[in-house]
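Structural characterization, general
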Amino acid sequence: LPEAKANPQQLDNDVIEIAISADGEYAVNGRLLADNELPTLMRALREAVGGDTRKHLVINADSDAHHQAVVRAMDAAGQSGLVHLSITTRNPDETR
């Protein structure tokens, strides 16, 4: 089988994470956003993408997050040109 030959630093630079809290707050690559509005999320994604829409986006939502918060994140991703997307959930009692 083929083996991946990338160092962890390189992989981290190729992945963008949107974390969504149970309250619907967003953090992009660990940075909490000022509000949960689409334009704010779009600005943060554009900055994280840096023009490279080949990056992989991981949406990591708390299991108690509202569906609309996840849909808003997916909308922002699509408008930012990101097409490689994964969605994960996190139970409130899980630690990172």
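The structure we're discussing is the one just above.
So, here's what we can say about the structure. (Residues numbered from 1 in each chain as written. Predicted model: local features only at pLDDT ≥ 70, side-chain atom pairs only at ≥ 80, totals over all residues. Heavy atoms only, no water.)

**Things to note about the pairing of strand β5 (residues 84–90)**
Looking at chain direction, strand β4 (residues 56–62) and β5 are connected through seven bridges and run parallel. Bridging across to β5, Ala61 finds its partner in Thr89. Running through helix α3 (residues 67–79), the crossover from β4 to the neighbouring parallel element β5 is right-handed. (Pairing = 2+ DSSP bridges. Helix = DSSP H or I, 4+ residues; strand = E, 2+ residues; numbered from the N terminus. Right-handed = clockwise from strand over helix to strand, strands pointing away.)

**Observations regarding the pairing of β4**
Within β4, six of the seven residues are buried, leaving the element largely enclosed by the surrounding structure. As defined by bridge partners, strand β1 (residues 15–20) adjoins β4 across six bridges and the pair is classed as parallel. By the bridge assignment, Glu17 is partnered in β4 with Val58. (Buried < 20%, exposed > 50% of the residue type's maximum accessible area, 1.4 Å probe, protein only.)

**With respect to the nonpolar core**
Grouped together as the largest cluster of nonpolar side chains are 22 residues, with contacts concentrated most on Ile16, Ile18, Ile20, Tyr26, Val28, Leu41 and Leu57. Elements supplying a minimum of two residues to this core: β1, β2 (26–28), α2 (38–49), β4 and α3. Looking at which element gives the most residues to this core, the answer is α2, with six residues. (Core = buried A, V, L, I, M, F, W, Y, C linked by side-chain atoms within 4.5 Å.)

**Some thoughts on α3**
Here α3 spans 18 Å end to end across 13 residues, near enough to the 18 Å set by a 1.5 Å rise per residue. Those residues of α3 lying buried are Ala69, Val70, Ala73, Ala76 and Ala77. Across the axial projection of α3, the buried residues extend over an arc of 120 degrees, all falling on one side. Elements in contact with the buried residues of α3: β1, β2, α2, β4 and β5. Immediately downstream of α3, the backbone of Gly81 shows phi near 90 degrees, a positive value. (Expected span 1.5 Å × (residues − 1). Arc of directions from axis to C-beta. Contact = heavy atoms within 4.5 Å.)

**Brief notes about the packing of α2 against α3**
The geometry of α2 relative to α3 is characterised by a closest axis approach of 9 Å and an angle of 50 degrees between their N-to-C directions. When the axes of α2 and α3 are compared, the pair comes out oblique. In terms of crossing hand, the pair formed by α2 and α3 is right-handed. Taking contact as the criterion, the partners of Leu38, Leu41, Met42 and Leu45 in α2 are, on α3, Arg72, Ala73, Asp75, Ala76, Ala77 and Gln79. Split into classes, the residues belonging to the contact of α2 with α3 amount to seven nonpolar, one polar and two charged. (Axes fitted to C-alpha atoms, helices over the stretch in contact; angles between N-to-C directions. Parallel < 35°, antiparallel > 145°, perpendicular 65-115°, else oblique. Left-handed = near helix turned anticlockwise from the far one by under 90°. Nonpolar A, V, L, I, M, F, W, Y, C, P; charged D, E, K, R; others polar.)

**Overview of the pattern of salt bridges**
Summed over the entire model, instances satisfying the criterion amount to two salt bridges. Between Asp52 and Arg54 there is a salt bridge; the shortest N-O distance is 3.0 Å. Judged by its relative accessible area of 67%, Arg54 is exposed. (Salt bridge = Lys/Arg side-chain N within 4 Å of Asp/Glu carboxyl O.)

Limitation: the analysis is restricted to geometry and does not speak to function.
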